[in-house]
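Listed below are the residues making up each chain.
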Amino acid sequence: MEADYYDNAVDEGEGESESAISTDKGLVKDDIQESPDEIKCDALNVTGDVEHSEKNDESTAGDSKINCIPSATNEKVIPELTLVLIGDTHSIEIGSKNLLLDPDQATVEQFSSKLYDLCGRHISVINMLGMQNIDKFPLNQEIHAFLFLLQNGLHNSQYSSGVQWLEKAFGKGLLPYLMTVVTHKPDEIYESALTDLKANSSFVAKRYHTCTRSMMDETEIIALLEKIDIMVSENDSHYSRLMCDGRNKEKKENLDQKSHKEEKIDSSVFQQKQTVYPTVEEMDWNSAEIECDPVNEPDGAEASEKTDDNTGKESKIKYVTPSATEKTGTLDMNMSGNKDEQSVKIKKQFEKETKKLLGRLHLQEKQQQKFSPADFLKIGPPVKQDNDTSEKDLAHTFLQRLMMLDYRARYIPVRQDSPDVSLSKPGTMFDTVETEDNDLDALFSSSVDSDQSKATHVHPMDVQMAVFHCSDSFFKQNMITKLSQCQYALPLLVPDPVTKDIQCPLWTFRQIIKTWKIKDHSNTVTMKSMPICTAETPMVSFFRLGSLSLSKSQLMNSLINDRHSTFFHRNCPGSTKSCHFMHGVAEIAWYCPSGKPNDAFTDCIAFCNLHGDALLIEKQREIMTKKSSVSIVLIPTLEKSHRSTTVISALFKSPKPLIILIADNDCGAVQMKKGKFKMGLKDRSHSDVSEELKGIIGTLLAGPHTSFQLETMVEVSGIRVDEDDTVCQKGKSAAMKTVSLLQGMDVSKIKDTFLPCQGQFWHDWCKINKELHHLKGNIEKDKCKKLQEQMHLRQKQCSAACSKLMKLFTENLSSLPSTDREYFLKWTQILIDALSTDNLSLILQNYDEKWSEVLVLKKKHDKSDELKSKQTELDLISTKLQSATFGLEHIFREMAQIYEAHASLQDQTKWGLTDWSKYPEMAAELMVSGHPMELMDGDAGHVPLSWISSLLDEVIKKLGNQRVFVLSVLGVQSSGKSTMLNAMFGLQFAVSAGRCTKGAFMQLVQVSEEIRKEFKFHYILVVDTEGLRALELAGNATLHHDNELATFVVGLGNMTLINIFGENPAEMQDVLQIVVQAFMRMKKVKLSPSCVFVHQNVSDIAAAEKNLDGKRRLQEKLDQMAQLAAKEESCNAECFSDVIAFDVQKDVKYFAQLWEGSPPMAPPNPGYSESIQELKNIILSKARLSPGITLSQFKCKIQDLWNALINENFVFSFKNTLEIAVYRKLEVQYGNWTWTVRSTMLTIENQLYTRIENGKLDKVEPSYLFKEMSKTFGEIKKDMTTYFDDDRDKEMLVQWRGRFESKIKEFHNEQVKGVQRKLDEVIQQKQACKKLDDKKTEFENKLLQKSKDLAHQLKDKAKDEEELKKQFNSVWSHWVNELTADTKPIEEINLEEDQISILQELGYEWSLIDESKRSSRYKNISKVGHHLGYITLKKYQELFEEDVKQHYKGHTLSAFPYEEQQRIRSFIDDVEKHSLDAIQSKPVAARGYRLTYLQEVAKDVQTKVTKFGSQRIYTLKKEFAVDLILYVFDRAESWLSQTHKKFKMNNDALTYLDSKQNQYYNIFRSFCRGSSSAVVLGELICEKLKSSAIEAVCNKTAINLAGEMRCSFPAFSGNRLNLEKHVLKSLADKEDFDGYITYIRHPRNKAESFIKEEFEKYIFSEQRDKARNLLKKNVEDINQRLSLALFTATEKVKTKRGDTDMWVKEFSSFLKDELTFTICCQNFSDINNFDFLKEEIEKGLVSVIQEMSSLSLDKIKEFRLQPDQILIDQLCNCCWVTCPFCAAACTNTLEDHSPDDHNMLFHRSTAVNGMHYRNTVELSLDFCTSNVASEGRFHPNETEEIIPFKQYRTAGPRFANWRITPDESKLPYWKWFVCRFEKQLEEHYKLKFQGLGEIPSEWKEHSKQEAIESLDEMFKCE
């Protein structure tokens, strides 16, 4: 027999010993012997001592006055709190109003206790202030708190010395009961006391208080009592010296003797307890801790001693053997006849213990707010593996480790933070004088024990059951499922800790599926897999009657799995003597055979274990015996006199098999009668007993026996089954109603019948969708046909989408509350699984057998028909398996298809009772709550993009556009990916055999608040995938499917886990090849996920050397695969690290195999859960560095990846719309930055230009310009830094940061250089005109003098205006001739004559020139659709067939290749650009026009034409050269004319003087009228200021208008693509074919003309008032500036007494930056009244200002700065390279965007550009985005070379730099255009829309409005 320890163990460490009672002091005295009034506190024998009585719970709230309780009352009132005051007497001021200590008590010089009444609370205060001797302090006095009073200022020294004394006097056990109180005077500063005291290690800040020394403040005392209450609740007990004082041994012994005498129980009384109160033990007996000692007392009647945890008392209870007539197992606890009162008290005691236990585990709040799955579907701090855990973290650590399938969760080492909890120590050292006698006394003393007054640590099963009771039903289910996976026994019958009702948690078993194998007589192994709730198995029940030293649970483990503690027993780590929650719990576990010879049993058997003495737990015992197939009873002895006799007799008479195990008998197994055995246990080993039991059980179950099914527990009366709860029943009822439709159906036909939308319709749709990306022949026509087929399929889906199943399901999903809905979903899955389980098992077995046969034939290299036949059969089984697989995911898939079908048809009607448009919202709600959602349909191999987009949109609505870290997982099928994820994150991915994940599923996991700040995202989004090389997909498509899946999930993930199973190199190679290729593709499309390799199921994981070798081999494989993939993907890579950042030392994780032994009975390997945690830490450490992506970005990424995947060439097909959108946004921002630079530079240019014109500046230094721009440019750089650093897409922006920072710097420098260049030209012109300027001054002085003289002569005729005019005009011509006699006038130019003469000089006939001029043919040379009229075919004709020649005779040169047409157009454009650049580089503005300028250009054009023609296989006619030269002249004519006109204005004296005639007539007239010099000068100044001010206002208004339109006009406020959109809208509005042709041929020219047109509309119609207001504001600014200049100049001259010259100099200097103003004053030197001059000028300016304010906006066009040109410079200096196929212009805002390719978001039909089929007149309708995905080919030049469209980049330089991605989202705009201008296009290109170029009828359905609206799609991703 085992040692006595086992006899004293409570419940065998598992709640099996109910016969020891743990009672507190009150319970012992009140319930057993003494009444309250007999209890005396003899030790406190002083006046006012308090005698204990029943606690009075009634309070008088609100009354805070403290009163002493009178003596008469004291006898009846027990204090609620007992407080001891210790410390210095000076720390308190004694007074009549002291609330805590009255003067009478304070004067007593010994121990003094007094009862006070505070707020109705009875507080006992013991005064020990100033006392050192504690000898008279009573040992058994219960103290709740010691108040340690310290004087403020002396608190540090008093605290240190005081604590030392307290520890010495009362022991260290006192410290948790110590409240430190610092007292202070009312005016003292005491705040630093807390900081000072914190330096002491024993000080606890929360047990600290301050108050005034007088203690008169009620609020302070109440606050103190609140803190004491908290301390008391935390300690959950009181202090007495018996707890700690070993020196009072003698007193303690005497007290013990007295206590034993008082508490001894008469056996007859105990017997009465048994008789009257039958159910107390079921509720509370465990808390009473009854301990039996069968070794010392054979009949098990006498209990051993047990030291009470709370009082230090000992109670000894003796059983008396009941007589045969007494009812066995019943107890009457009512010793004094009041059983109800006793029951309540025991119940309260149990509740107290429960509360205490939950408090220790920090689970109090979880009694109300239960654990839910959401609490653990979070990423929290790492789970502690090796370190001890504190009690408060124990429950959470247990759950976290359990969720990770760590069966060691039960065995967590606990770090004890409280001194009240005992540790495993060798023993307690007693503080006595060490002598040999004392040592011997201690050795032999029965009272010497380990510190029994302290509580033991929490029993592991208490942790499990506490968590169980604190969980909601769903988390209980998760928890029980995990316990089952850990091969632990599960609670079947559980007493409720509050009501004591017996519960059966049937619901918690619903997710458990058990699999086992049965071998029949013919050695055929049959596999069974089913939900354990429905499994009918034999059940073997174990229970004990009485108390035994043998561990029943340990014996059961040896039957089921002797290597694993399925049932917790007393020898398990962490076991303690008491287990609070396990008493009366029945646990169940199943043995599942593996079909091998060493199986313990041949079939699945349930084993049930009842914890506790079955004599005392009648209800559970009855249920188990009723349900059992075999009952096994353990008893201490088999005697008629034993109290178990009645139960044994009843069992023996029962027809069910019975095995009795007898503890005190050593006989072998004996069959008493059929099915009834008895067997001795004494002196027998566990293994012998176990083997013998196995044999008996096997024999019994081989015969007829009853079966047990969990579901039948609902039929048991007297217990509560959790599934009977209303909410569960409601969900079940709804689910049953839904699933009842499927009853009796062949599972393989369910989907076709009730879920038709995801069947053939959807599969056909997917097939067509993939075909759309591999078109041949007439692409657009075929495409339209296939799109129609798809639409037809969608219509069929809509028609079929009315199944009753879906109606019921969606109605319940939308109408049920959240909890009901959760039950509904769970029940639906349970019921669906029940339908398909049997079928699936059978199909999988057939598949297994057939697959084995195929492998055998393959190994033989058999290529006979038999192999083909077997493979065909295998395919059929695979199809059947696919049909029979049916779960909730298929119903959600159906919802997705119903939604997609209706959405694609724009069907807004309601379907049934639930609106289909609400489906995404319903699914999003489930996804947010933790349900996985299907991302890729594994059966169809397709992503339902519309559904996924809508689903994620709804998730964003619910959560916001949160950032997520996407974790993808790849690996071979059944390699444990889903199991790993479920264990790591608490997910719910399907893992059962035959139901592995098919496709890809996504699930959200929240990052918990505790660690949120460590990450840049709020969620991890896990994407679990169907395994690579899936059995169901075996066949030719497997490799393609694997590549597709791998590329998809690798692209989606911020990180990818690559799961490798086992160490098979061949399997590894297959996976690695797929994965490496996927990563290579990601690199080529600039996606850079990280990766971690997980190597699962590795044997001998601990061998470090082997791991290093494994890593080396993996690295070699990866490098090898990288080289192979590089060839496949046509790129360079020598090793895997060239493809992706990878460190084999850090990014490879080895996993132990999942099972510790052989399934199905093996528990998970603890090393597996450790690996899970390590891997989780690796993932999170990498995730910390990642910003993740937003949900909206994730949505776009799915679309981009999938759209690229369904094309064969992923890399060329991938279009990162997210990146495009971010780049477009950056372009807009870049436009804003460049505009800021440009507008600032324009303002600076304007100022400097004015200075130069005023002669105030003759050189512009670059340094000055840079300095002027420094502030603005600094702000731009700061703004750029902020944008790139803080934008939400900063991680994506970083790739362009360097380039854009460089570009803005280049732009800034170019602007500075451009302004300097322009101003230098102005200075040069000014210097070139200096001679004329000097003459102008001379002319003006002479003219002024002549006017003055003439005025004096004609003074008498001043009133006759006509006479004055006549006289002035008569002399003006003479004056002009006189002044310009030596100056040669500049002649007008005649460009037309010059052009004709130049052409004739070049040898071209007049007739050719004249014909071209008269017909204006040359003007359209760049726009014509063909150039047939310009070529001859002498070289070319012979290359064509006869029928083609006939076409030529009819003037339709279909044989003339499109490529050559394009070449001629490109040549014309190049010549035009080069010639215009050459002409505009000539110094016309400085020197005027020269004939040689045109001659040089004409000669150059002629040379280029000759060279171009010599390289062609056809001849260019002379007409081509003539028209091209005339076209170049025509384009240059406007610029030449305007520039020469400006030159003449600035340099021709005659022209200048003619412009001054009116001005000098006005001067002449003023003099005639007798005006003073001041008046005349004022008029002259006003006249000069007028023109200058108008120019200044117009230039400034030009800048303002450009800025206003740039900001507020939609067409100009975005990027290049935005401008493109508005140009196309404008063209559609006008329906101008010529405008379209200009746009197609010269998109920049059309954009410029559009800007000019829009500017005209803006200032003259749409925003005329705004434009006028800008002008008026600038006029006001100029006016204010002029007024200030007049005032300043006048004041300075008056102050300095200056003359007219000084005044003019000051005035012009003030205006040097605003106005051009020069005037000579030599004829006005007589002016001395400058105030008068100022007044005259102000008078004159009034009319000037009025005139300016009413200026026409047209006037702006006459000056240097033009708003439209400013906008053109800003918006059109970008890339205009056109697509080689459809001529769409690149929409990149940067002109030089290298190394980025040219791109256009939406291409167009190539017919727009005149592309046609070679040797035909048939236009090509295809969009180039369709062509590049098709099987078509093209001719890149005039040769016969043919290039596949998919390889278009190899066709030459024009094609190589274009990125054209396959795209099905074509703009209806261009289809409308082709249909609208069909005839014009045919005429323009001389080609036809016929044959292959016939326009599909569907194109003609697009309206103009639809076309215009479709342009907004250009921005849909931004």
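Residues numbered from 1 in each chain as written. Predicted model: local features only at pLDDT ≥ 70, side-chain atom pairs only at ≥ 80, totals over all residues. Heavy atoms only, no water.

J.: What is the right way to look at the overall build of the chain in this model?
T.: Tallying secondary structure elements over the chain gives 65 helices and 36 strands in all. Taken across its 1918 residues, the chain has 56% of its residues classed as buried. Summarising the internal contacts of the chain: among those between residues at least 6 apart in sequence, 76% fall at separations of at least 24. Accessible area of the chain: about 82,000 Å², with a carbon and sulfur share of 49%. (Helix = DSSP H or I, 4+ residues; strand = E, 2+ residues; numbered from the N terminus. Buried < 20%, exposed > 50% of the residue type's maximum accessible area, 1.4 Å probe, protein only. Contact = heavy atoms within 4.5 Å. Areas by Shrake-Rupley, 256 points an atom, 1.4 Å probe, with all protein chains shown as cover.)

J.: So what exactly am I meant to see when it comes to the packing of aromatic side chains here?
T.: Given two aromatic rings, one states the distance between the centres and the angle between the planes to describe the pair. If you walk through the whole model with that rule in mind, you get 61 aromatic pairs. Between the aromatic rings of Phe809 and Phe824, the centroid separation amounts to 5.4 Å while the plane-to-plane angle is 40°, which identifies the pairing as tilted. On the criterion of sequence distance, the pair formed by Phe809 in helix α25 (residues 804–815) and Phe824 in helix α26 (residues 818–859) is long-range, its members being 15 residues apart. For Phe824, a relative accessible area of 0% gives the class buried. Put simply, the rings of Phe1633, Tyr1636, Tyr1639, Tyr1869, Trp1870, Trp1872, Phe1873 and Phe1877 pair up and form one aromatic cluster. Directly above the aromatic system of Tyr488 lies the positively charged group of Arg410, at a separation of 3.7 Å from the ring centroid. Sitting over the ring of Phe468, Lys476 keeps its end group 4.8 Å from the ring centre. (Phe/Tyr/Trp six-rings, centres within 6.5 Å; stacked < 30°, edge-to-face > 60°. Lys NZ or Arg CZ within 6 Å of the ring centre and 35° of its normal.)

J.: I would appreciate a short explanation of the side chain of Gln1003 in the present structure.
T.: Looking at the element boundaries, Gln1003 is found in strand β27 (residues 999–1007). According to the relative accessible area criterion, Gln1003 is buried, its value standing at 0%. A polar side-chain atom of Gln1003 sits 2.5 Å from the main-chain carbonyl oxygen of Gly930. Leaving out residues up to four positions away in the same chain, Gln1003 has contacts with Leu377, Gly930, His931, Pro932, Leu987, Gln988, Phe989, Ile1020, Leu1021 and Val1022. (Polar contact = N/O pair within 3.5 Å; in protein donor to acceptor, adjacent residues only side chain to side chain.)

J.: Please explain helix α37 (residues 1191–1205) as it appears in this structure.
T.: Over its 15 residues, α37 extends 21 Å from the first C-alpha to the last, a length consistent with the 21 Å expected when each residue adds 1.5 Å. When you tally the buried positions in α37, you get 12 out of 15 residues, the bulk of the element. Listing the buried residues of α37 in full gives Leu1191, Gln1193, Phe1194, Lys1195, Cys1196, Lys1197, Ile1198, Asp1200, Leu1201, Trp1202, Ala1204 and Leu1205. (Expected span 1.5 Å × (residues − 1).)

J.: How should I be thinking about the sheet that holds strand β14 (residues 502–504) in this particular structure?
T.: In any sheet, the strands associate via hydrogen bonds between backbone groups, in a parallel or an antiparallel arrangement. Ordered by their spatial adjacency, 10 strands build an open sheet running β22-β23-β21-β20-β17-β19-β18-β13-β14-β24, and the pairing between neighbours is mixed. Each edge of the open sheet is held by one strand with a lone partner, namely β22 (670–673) and β24 (720–721). Here five bridges tie strand β17 (residues 539–544) to strand β20 (residues 630–635), and the two strands are oriented parallel to one another. When the sheet's bridge partners are listed, Ser541 is paired in β20 with Ser631. (Pairing = 2+ DSSP bridges.)

J.: What should I look at first to understand the side chain of Asp722 in this one?
T.: With respect to the helices and strands, Asp722 occurs in the loop between β24 and α21 (726–739). Of the side chains with opposite charge, Lys476 comes closest to the buried, unpaired Asp722, at an N-O distance of 6.5 Å. Beyond its immediate sequence surroundings of up to four residues, Asp722 is in contact with Cys504, Pro505, Leu506, Trp507, Thr508 and Cys728. (Lys, Arg positive; Asp, Glu negative; His and termini not counted. Salt bridge = Lys/Arg side-chain N within 4 Å of Asp/Glu carboxyl O.)

J.: What should I look at first to understand the nonpolar core in this one?
T.: Considering soluble globular proteins, one finds that nonpolar side chains tend to be buried as a cluster. One finds Phe1612, Trp1703, Phe1707, Met1748, Tyr1869 and Phe1873 to be the most contacted residues of the largest nonpolar core, which totals 123 residues. When residues of this core are assigned to their parent elements, the largest contribution, 17 residues, is made by helix α53 (residues 1573–1608). Once you skip the residues sitting within four places of it in the chain, Met1748 turns out to touch Ala1589, Ile1590, Val1593, Leu1671, Val1675 and Ile1678. Among the nonpolar cores identified, the runner-up in size contains 119 residues, and Ala884, Ile898, Trp916 and Leu1052 belong to it. (Core = buried A, V, L, I, M, F, W, Y, C linked by side-chain atoms within 4.5 Å.)

J.: Got a minute to help me understand the pattern of salt bridges in this structure?
T.: When their charged atoms lie close together, side chains carrying opposite charge are able to pair. Inspection of every chain in the model, using the stated rule, returns 73 salt bridges. The salt bridge partner of Arg1112 is Glu1116, with a shortest N-O separation of 2.8 Å. In this pair, Arg1112 and Glu1116 are both assigned in helix α35 (residues 1104–1129), four residues apart and thus about one turn of the helix distant. A relative accessible area of 42% places Arg1112 in the partly exposed class. Salt-bridge contacts for Lys1473 lead to Asp1477; the nearest nitrogen and oxygen are separated by 3.3 Å. Taken together, the positions of Lys1473 and Asp1477, both in helix α47 (residues 1458–1480) and four residues apart, correspond to about one turn of that helix. We classify Lys1473 as exposed; its relative accessible area is 56%. The network of salt bridges with shared partners includes Arg401, Asp406, Arg408 and Glu1170.

J.: How do you make sense of the pairing of strand β23 (residues 676–680) when you look at a structure like this?
T.: Each regular strand shows side chains that alternate between the opposite faces of the sheet. Of all five residues making up β23, four are buried, and the element is well covered by its neighbours. Examined bridge by bridge, strand β21 (residues 658–662) and β23 share five bridges and lie parallel to one another. Directly across from Leu661, in β23, lies its bridge partner Met679. Of the strand pairs in this sheet, β22 and β23 are connected by three bridges, and their pairing is antiparallel.

J.: Just to check I follow, could you spell out the environment of Glu1883 for this structure?
T.: Take Glu1883: it is sitting in helix α64 (residues 1878–1885). The sequence separation of Glu1883 and His1426 amounts to 457 residues, and the corresponding C-alpha distance is 9.8 Å.

J.: How do you make sense of the packing of helix α39 (residues 1217–1253) against α53 when you look at a structure like this?
T.: Any two packed helices are characterised by the angle at which their axes cross and by the distance between the axes. Axis separation between α39 and α53 bottoms out at 11 Å; the angle between their running directions is 175°. Considering their axes alone, α39 and α53 lie roughly antiparallel with respect to each other. On α53, the residues touching Val1228, Gly1231, Asn1232, Trp1235, Leu1242, Thr1243, Asn1246 and Tyr1249 of α39 are Glu1591, Asn1595, Lys1596, Ile1599, Ala1602, Gly1603 and Arg1606. Of the residues belonging to the contact of α39 with α53, the class tally is six nonpolar, six polar and three charged. (Axes fitted to C-alpha atoms, helices over the stretch in contact; angles between N-to-C directions. Parallel < 35°, antiparallel > 145°, perpendicular 65-115°, else oblique. Nonpolar A, V, L, I, M, F, W, Y, C, P; charged D, E, K, R; others polar.)

J.: Help me out: how do you make sense of the environment of Lys1149 in this one?
T.: Along the polypeptide, Lys1149 turns up in strand β31 (residues 1148–1150). Considering only alpha carbons, one finds Lys1149 and Asn1059, 90 residues apart in sequence, at a separation of 9.7 Å. Once you skip the residues sitting within four places of it in the chain, Lys1149 turns out to touch Phe1093, Val1094, His1095, Ser1171, Glu1174, Leu1175 and Ile1178.

J.: Can you walk me through the confidence of the model for the chain in this structure?
T.: Segments scoring low in pLDDT should not have their predicted coordinates read at a detailed level. The share of residues in the chain with pLDDT of 70 or more is 81%, and the mean pLDDT across the chain is 79. Summarising per-element confidence for the chain, the mean pLDDT is lowest in helix α9 (residues 267–276) (33) and highest in strand β18 (residues 586–591) (96). Segment residues 908–913: pLDDT under 50, and 15 contacts once partners within four positions in sequence are set aside and those in other chains are kept. (pLDDT = per-residue confidence, 0-100.)

J.: I would appreciate a short explanation of the packing of helix α28 (residues 888–904) against helix α29 (residues 919–928) in the present structure.
T.: Between α28 and α29, whose axes approach to 10 Å, the crossing angle comes to 150°. By the criterion of interaxial angle, the relationship of α28 to α29 is roughly antiparallel. With respect to the hand of their crossing, α28 and α29 are arranged in left-handed fashion. Along its contact with α28, which presents Phe892, Met895, Ile898 and Tyr899, the element α29 presents Tyr919, Pro920, Met922 and Leu926. (Left-handed = near helix turned anticlockwise from the far one by under 90°.)

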